[in-house]
Amino acid sequence: MPGAKSISHCQGKGSLSHNNRDFRAKNVDSSRSDDNITFIKQPIAEAYEECFHAAVQRYNERQSRADRQIKTSYYESLFNHAPCNTVITSSDKRKSFYEDVVQIGTMNDTGCGTADGKLASECLTKYIQGFSERNPNMHVFNAVLHQDEATPHLHIDYIPIGHYSRGIDTQNGIAQALKEMGYGNGKDAINRWREAERKVLEDICKSRGIEISEIGR
């Protein structure tokens, strides 16, 4: 059985160009990039249209004054910026998307190209395959398993979806998304969610014989 390993599930920087290997960082071994697994790769503009276009139409149809209608895309109206591959923050602190980076072990005990690294990749694959079902308010539009750096790890990029009784009925809203999924209100809601997700991954690891010694942040 593999030795005890840590789990890390933390917020990432959110660079789709890095995640999708549109450029090569210094810590990337290009000879192993073909080993990376892309689970979903949806352009962010398309993702926003899928999530919010119908809601914007419903909102516009309710407006009696044309100057109150949203004339641009929901993304552009919220962020005053064209859709792009990095995180944009709105004037009310909403982010264009969120990223979580998920990893089992470290380069010292779960390196890419090792048997332990292969087992970790299999656990991460099972984890991401159930992510959307567990988190119906998180629209995952980009998810990649990197196996061309030191340790296998996931980049999961998602748009949080909340439902509202005022304004646009479906919006980008992390607090409301977490509340609707049962994690309550307040600043600790996202921590409660991450703890639940770490527990899911820990159970997957244990089912494959991996002992977890530490659950990192």
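Look a little higher up for the structure.
A short tour of the structure in this document, coming up. (Residues numbered from 1 in each chain as written. Predicted model: local features only at pLDDT ≥ 70, side-chain atom pairs only at ≥ 80, totals over all residues. Heavy atoms only, no water.)

The space that makes up the largest pocket amounts to roughly 150 Å³. Of all elements in the fold, only α6 (174-180) and α7 (189-207) reach the threshold of two or more residues within the lining of the largest pocket. Taken together, the residues that form the lining of the largest pocket break down as 5 nonpolar, 3 polar and 5 charged. (1 Å grid on protein atoms, 1.4 Å probe; cavity = no way out; pocket = protein on both sides within 12 Å on 5 of 7 lines; lining within 4 Å. Points joined across faces, edges and corners; volume = space filled by probe spheres on them. Helix = DSSP H or I, 4+ residues; strand = E, 2+ residues; numbered from the N terminus. Nonpolar A, V, L, I, M, F, W, Y, C, P; charged D, E, K, R; others polar.)

Further remarks concern the environment of histidine 163. Of note, histidine 163 is situated in strand β5 (residues 153-163). The spatial distance from the C-alpha of histidine 163 to the C-alpha of asparagine 137 is 9.4 Å, given a sequence separation of 26 residues. Non-local contacts of histidine 163, meaning those with residues more than four positions away in its chain, are made with Asn137, Asp169, Thr170, Gln176 and Glu180. (Contact = heavy atoms within 4.5 Å.)

Below, the discussion takes up unusual backbone geometry. Backbone geometry follows two general trends: most residues other than glycine have a negative phi, and most peptide bonds adopt the trans configuration. We note that asparagine 80 has phi near 55 degrees; this positive angle belongs to a residue other than glycine. Among the structural elements, asparagine 80 can be located in the loop between α3 (74-79) and β3 (98-104). Classification of asparagine 80 by relative accessible area gives exposed; the value is 73%. Within the chain, lysine 93 stands out as a residue other than glycine whose phi angle is a positive 75 degrees. Assignment of secondary structure puts lysine 93 in the loop between α3 and β3. On the accessibility criterion, lysine 93 (66% relative accessible area) is exposed. (Buried < 20%, exposed > 50% of the residue type's maximum accessible area, 1.4 Å probe, protein only.)

By the definition in use, this model includes 13 salt bridges. Across the salt bridge formed by arginine 21 and aspartate 148, the nearest N and O atoms sit 2.7 Å from each other. One end of the pair, arginine 21, is in the loop between α1 (16-19) and β2 (37-41); the other, aspartate 148, is in the loop between β4 (138-146) and β5, with 127 residues separating them in the sequence. When its relative accessible area of 11% is taken as the criterion, arginine 21 is described as buried. One salt bridge in this structure joins arginine 94 and aspartate 92, with 2.9 Å as the shortest N-O distance. What emerges from the salt-bridge pattern is a single network uniting Arg21, Asp148 and Glu149. (Salt bridge = Lys/Arg side-chain N within 4 Å of Asp/Glu carboxyl O.)

Ranked by internal contacts, the top residues of the largest apolar core, which has 30 residues, are Ile156, Leu178 and Trp193. Looking at this core, the elements that each hand over two or more residues are β3, α4 (115-129), β4, β5, α6 and α7. Residue contacts for isoleucine 156: discarding those within four places in its chain leaves Tyr98, Glu99, Asp100, Val102, Tyr127, Ile128, Phe131, Val140 and Asn142. By size, the runner-up hydrophobic cluster in this structure holds 21 residues, among which are Phe52, Val56, Tyr59 and Phe97. (Core = buried A, V, L, I, M, F, W, Y, C linked by side-chain atoms within 4.5 Å.)

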